[in-house]
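# Inside the fold
Residues per chain, in single letters:
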Amino acid sequence: MNIISPMAFVHPEAKLGDNNEIGPFCYIDADVVIGDNNKLYNSVTLHQGTRLGNGNEIFPGASISTKPQDLKYRGEASLCVVGDNNSIRENVTISRGTASKGKTVVGSNNLLMENMHVAHDCVLGNGLIIGNSTKLAGEVEIDDNAIISATVLCHQFCRIGGYVMIQGGCRFSLDIPPFIIAGKEPTRYCGINIVGLRRRGYSAEMIDIIHDTYRTIYACGIIKDGISEARKKYPDVKEVEYICSFIENSKRGVVR
């Protein structure tokens, strides 16, 4: 059974699962689908196109599936898909998609801290921690288990690799490859995210391989040559291939 405050508005066309708790002054629009066991504190807004999974906790002032802040948006039907067991803190805003991709996606088990923004057509993975007031522009992609500190500004179309740590206050328009710490001004490679990798169960041997892979790639004047050398040194190591393919497929270029 759902517990819905009499001071909340739930559109009759919205579809709710079971055991959801919806607090006072929440607004649930038409074309919203909610799973089970979600808790919405007071003053949460779920706009049209929201597809909310199970076990999410959404704090006051959060606004999900907002109209994209994109002048090319012409009112086309689009979605904002949120997975399971996310903690979406106060005043977080997540826009729905545009005709470009049709949906914004937030995975599962993420912590989105107060006042951060996810723009249209972004694709966020699982196990992310994104700090207060960080802003992601349109069509940003973030791989699993990344940590992004507070007040980070990420340019549109950037990709952020898995297991990274981005220091607070950074601003960047290049891709951030996996397993690294990125920081300083301008934002650049600052070493391997050793603490984060250890916490995720990576062995000392694998951390050394990742570290050496970046030394090999960045030591070459031409990154393409460094990638080729890294693959020769560590064939069939999936972490090395992840790094190499990430850099090869980067459309904006990676931080140096």
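Model, not experiment: these values are computed from the prediction.

### Looking at the sheet that holds strand 26 (residues 171–172)
With respect to topology, 9 strands assemble into an open sheet ordered 2-5-8-11-14-17-20-23-26, the strand pairing being parallel. On the outer flanks of this sheet lie strand 2 (9–10) and strand 26, each paired with one strand and no other. Here 2 bridges tie strand 14 (residues 93–95) to strand 17 (residues 117–118), and the two strands are oriented parallel to one another. Along strand 17, the bridge assignment pairs Ile-94 with Val-118.

### Notes on the sheet that holds strand 12 (residues 79–82)
Strand order in the open sheet made by the 8 strands is 3-6-9-12-15-18-21-24, with parallel pairing throughout. Strand pairing shows two members of the sheet lacking a second neighbour, strand 3 (15–16) and strand 24 (159–160), which therefore form its edges. In the sheet, strand 6 (residues 33–34) pairs with strand 9 (residues 50–52) via 2 bridges, with the strands oriented parallel. For Ile-34, the partnering residue across the bridge sits in strand 9 and is Leu-52.

### Comments concerning the pairing of strand 15 (residues 103–106)
Across the two faces of strand 15 the burial differs, with Thr-104 and Val-106 buried and Lys-103 and Val-105 not buried at all. As defined by bridge partners, strand 12 adjoins strand 15 across 4 bridges and the pair is classed as parallel. If you follow Val-81 over to strand 15, its bridge partner there is Val-105.

### A look at the pattern of salt bridges
Using the criterion set out here, one finds 10 salt bridges in the structure. A salt bridge links Arg-89 to Glu-90; its shortest N-O distance comes to 3.1 Å. Among the salt bridges present, the one from Arg-215 reaches Asp-212, with a minimum N-O distance of 3.4 Å. Of this pair, Arg-215 and Asp-212 both sit in helix 2 (residues 204–219), separated by 3 residues, roughly a single helical turn.

### Some details on the environment of Gly-49
In this structure, Gly-49 sits in the loop between strand 8 (45–46) and strand 9. Classification of Gly-49 as buried rests on a relative accessible area of 0%. Residues in contact with Gly-49, not counting those within four places in the same chain, are Ala-30, Asp-31, Ser-65, Ser-78, Leu-79 and Cys-80.

Conventions adopted
- Residues numbered from 1 in each chain as written.
- Predicted model: local features only at pLDDT ≥ 70, side-chain atom pairs only at ≥ 80, totals over all residues.
- Heavy atoms only, no water.
- Pairing = 2+ DSSP bridges.
- Helix = DSSP H or I, 4+ residues; strand = E, 2+ residues; numbered from the N terminus.
- Buried < 20%, exposed > 50% of the residue type's maximum accessible area, 1.4 Å probe, protein only.
- Salt bridge = Lys/Arg side-chain N within 4 Å of Asp/Glu carboxyl O.
- Contact = heavy atoms within 4.5 Å.

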